[in-house]
Amino acid sequence: MSSVHLEPQDLPEIAPHNHGRTVAAWVTNWGLVIAALLASVGIAIPVHALTFAGIGVAVVSLAAGAVLRALGHGQPLS
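S.K.: Talk me through the overall build of the protein; I want residue IDs and the actual numbers.
M.R.: Scanning the protein for helices and strands turns up two helices and zero strands. Looking at the protein residue by residue over its 78 residues, the buried ones come to 18%. Within the protein, contacts between residues separated by at least 24 positions form 59% of all contacts whose residues are at least 6 apart in sequence. Put simply, the protein shows about 6,100 Å² of open surface, and 72% of that area lies on carbon and sulfur atoms.

Structure, rendered in structure tokens:
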């Protein structure tokens with residue numbers, strides 16, 4: 001049993017119930033999966049252009065996720 005007693009005004013606000021299932025999350029996740037596949041194939045069979053293409057897709061994917069979140073298609077910060 002805990003000795004800590006919290007009043008209702010001391011509790012945090014209820015988190016949104018989307019569990020990260022947003023457009024921004026899906027775009028970022030799939031972009032990073034594709035980037036990892038490209039980069040890993042580029043490393044496995046030494047093709048530097050494919051490796052750098054994977055890195056480029058990762059950067060674009062992260063930027064796209066950030067832009068989508070800023071436009072309101074992601075989970076709110078608070």
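S.K.: An account of the side chain of Ser61 is needed here, citing residue identities and associated values.
M.R.: One can find Ser61 in helix 2 (residues 48-70). Not counting residues up to four positions away in its chain, the partners in contact with Ser61 are Val27, Thr28, Gly31 and Leu32.

S.K.: Quick one: what's the story with helix 2, residue by residue and with numbers?
M.R.: The end-to-end C-alpha distance of helix 2 is 33 Å, a good match for the 33 Å that 23 residues give at a rise of 1.5 Å each. In this structure, the buried side of helix 2 is in contact with helix 1 (23-44). Gly72 occupies a position one or two residues after helix 2 and carries a positive phi of about 95°.

S.K.: Residue-level account of the environment of Asn29, with values.
M.R.: Inspection of the secondary structure assignment puts Asn29 in helix 1. For Asn29, a relative accessible area of 41% corresponds to the partly exposed category. Distance from Asn29 to Leu62, taken between C-alpha atoms, is 8.8 Å for residues 33 residues apart in sequence.

S.K.: Tell me what's going on with the environment of Val59, and back it up with residues and numbers.
M.R.: Looking at where Val59 falls in the secondary structure, it is placed in helix 2. Its relative accessible area of 53% is what places Val59 among the exposed residues. Sequence separation of Val59 and Leu32 is 27 residues, and the distance between their C-alpha atoms is 8.6 Å.

S.K.: Give me helix 1: which residues, what numbers.
M.R.: Between its first and last C-alpha, helix 1 extends 31 Å over 22 residues, near the 32 Å set by a 1.5 Å rise per residue. Contacts from the buried residues of helix 1 go to helix 2.

Procedures and definitions
Residues numbered from 1 in each chain as written. Predicted model: local features only at pLDDT ≥ 70, side-chain atom pairs only at ≥ 80, totals over all residues. Heavy atoms only, no water. Helix = DSSP H or I, 4+ residues; strand = E, 2+ residues; numbered from the N terminus. Buried < 20%, exposed > 50% of the residue type's maximum accessible area, 1.4 Å probe, protein only. Contact = heavy atoms within 4.5 Å. Areas by Shrake-Rupley, 256 points an atom, 1.4 Å probe, with all protein chains shown as cover. Expected span 1.5 Å × (residues − 1).

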